[in-house]
Amino acid sequence: MRKKRKTRKRFILQIVMWSCILFSVGTCTHYILWVSLHRAKPNNQPEYSAKEECYFKELEKKDNWKSPSRYLYNIDKKGKALVSDSVFLNNPYAYSLRIDIKDSTTFFSLPSKTGDTIALYLYNHVVDRNPKLQRIVIGFSYIERINERASIGHSRTEEYAVREKRLVKLKHDME
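The structure displayed is predicted, hence computed values, not measured ones. (Residues numbered from 1 in each chain as written. Predicted model: local features only at pLDDT ≥ 70, side-chain atom pairs only at ≥ 80, totals over all residues. Heavy atoms only, no water.)

Description of the overall build of the protein chain
In step 1: Counting secondary structure elements, the protein chain contains 4 helices and 5 strands.
In step 2: Listed by position from the N terminus, the elements making up the protein chain come as α-α-β-β-α-α-β-β-β.
In step 3: Within the span of the protein chain, comprising 175 residues, buried residues form 30% of the whole.
In step 4: Restricting to contacts in the protein chain with at least 6 residues of sequence separation, those with at least 24 account for 57%.
In step 5: A total accessible area of about 13100 Å² is found for the protein chain, and carbon and sulfur atoms account for 56% of it. (Helix = DSSP H or I, 4+ residues; strand = E, 2+ residues; numbered from the N terminus. Buried < 20%, exposed > 50% of the residue type's maximum accessible area, 1.4 Å probe, protein only. Contact = heavy atoms within 4.5 Å. Areas by Shrake-Rupley, 256 points an atom, 1.4 Å probe, with all protein chains shown as cover.)

Observations regarding the nonpolar core
One broad rule of soluble globular proteins: the nonpolar side chains tend to lie buried together.
In step 1: Grouped together as the largest cluster of nonpolar side chains are 27 residues, with contacts concentrated most on Tyr95, Leu97, Ile118, Leu122, Ile136, Ile138 and Phe140.
In step 2: For this core, the elements supplying multiple residues, two or more each, are α2 (50-60), β1 (65-74), β2 (93-101), α4 (114-126), β3 (133-147) and β4 (150-163).
In step 3: Leave out the neighbours within four places in its chain, and Phe140 touches Trp65, Arg98, Ile99, Ile101, Phe107, Leu110, Thr114, Gly115, Ile118, His154, Ser155 and Arg156. (Core = buried A, V, L, I, M, F, W, Y, C linked by side-chain atoms within 4.5 Å.)

With respect to the pattern of salt bridges
In step 1: This structure, assessed with the given rule, holds 7 salt bridges.
In step 2: In this structure, Lys51 and Asp128 form a salt bridge, with 2.8 Å as the shortest nitrogen-oxygen distance. Here Lys51 is found in helix α2, whereas its partner Asp128 is found in the loop between α4 and β3, with 77 residues between them in sequence.
In step 3: Using a relative accessible area of 41% as the deciding quantity, one classes Lys51 as partly exposed.
In step 4: We classify Asp128 as partly exposed; its relative accessible area is 45%.
In step 5: Its salt-bridge partner being Asp116, residue Lys113 comes within 3.9 Å of it at the nearest N-O pair.
In step 6: Exposure remark for Asp116: the relative accessible area of 18% places this residue in the buried category.
In step 7: Through salt bridges that share partners, Lys113, Asp116, Arg156, Glu158 and Lys169 make up one connected network. (Salt bridge = Lys/Arg side-chain N within 4 Å of Asp/Glu carboxyl O.)

This is the structure we're talking about:
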C-alpha cells in the first residue's frame, strides 16, 4: 500500500515538474520570438538616386531651406498607407518630400505654386514617371522657437495623385 502511494506521488510530481518545464520553455520561446519581431529595424528606405541627391542639393541652395528628405511607402488601392517593414517599388507607392524652412518670413511668403512646381519636377525628372508611383506628398515645415523650452510648429502639406500620367492636386493644408 505504501509503495503504491509513493509511486503515485512520484508520478504526480513528475507530471507537475514536466508541466512546469514545458511551460517555462514555451514562455521563453514566445518571449524570444516576440522580441526578435519587434526590435528596431534598420532603415528600410532605398538609397537616394543620383537625380534625387542633385535635386535636393539644389533645393538646399534656396534661401533658408534646409534638409529636404524623402520617405517612400507602399499604399493600397484606396490610397491608404500599408504597414510594412519594407518598401517595394514594384507595388503601388507614395513619395513624400519634407522640407524644413529656417525662418517665418520665408515660410509664410512661399508662393502657392511652389508645391506644384516641385511635384511636377519630381514626377517628370526625378522618378521618371514611374507607373507604380500613385501619390506625391510635399510638405514644408517651420518651427518657431518661443524660448528654450517652448516652440510652435507650422506646416504646409500638398498632396497630388497620379492619374493617367498626370498629376492631380488633392489637397492643400496649412497648420
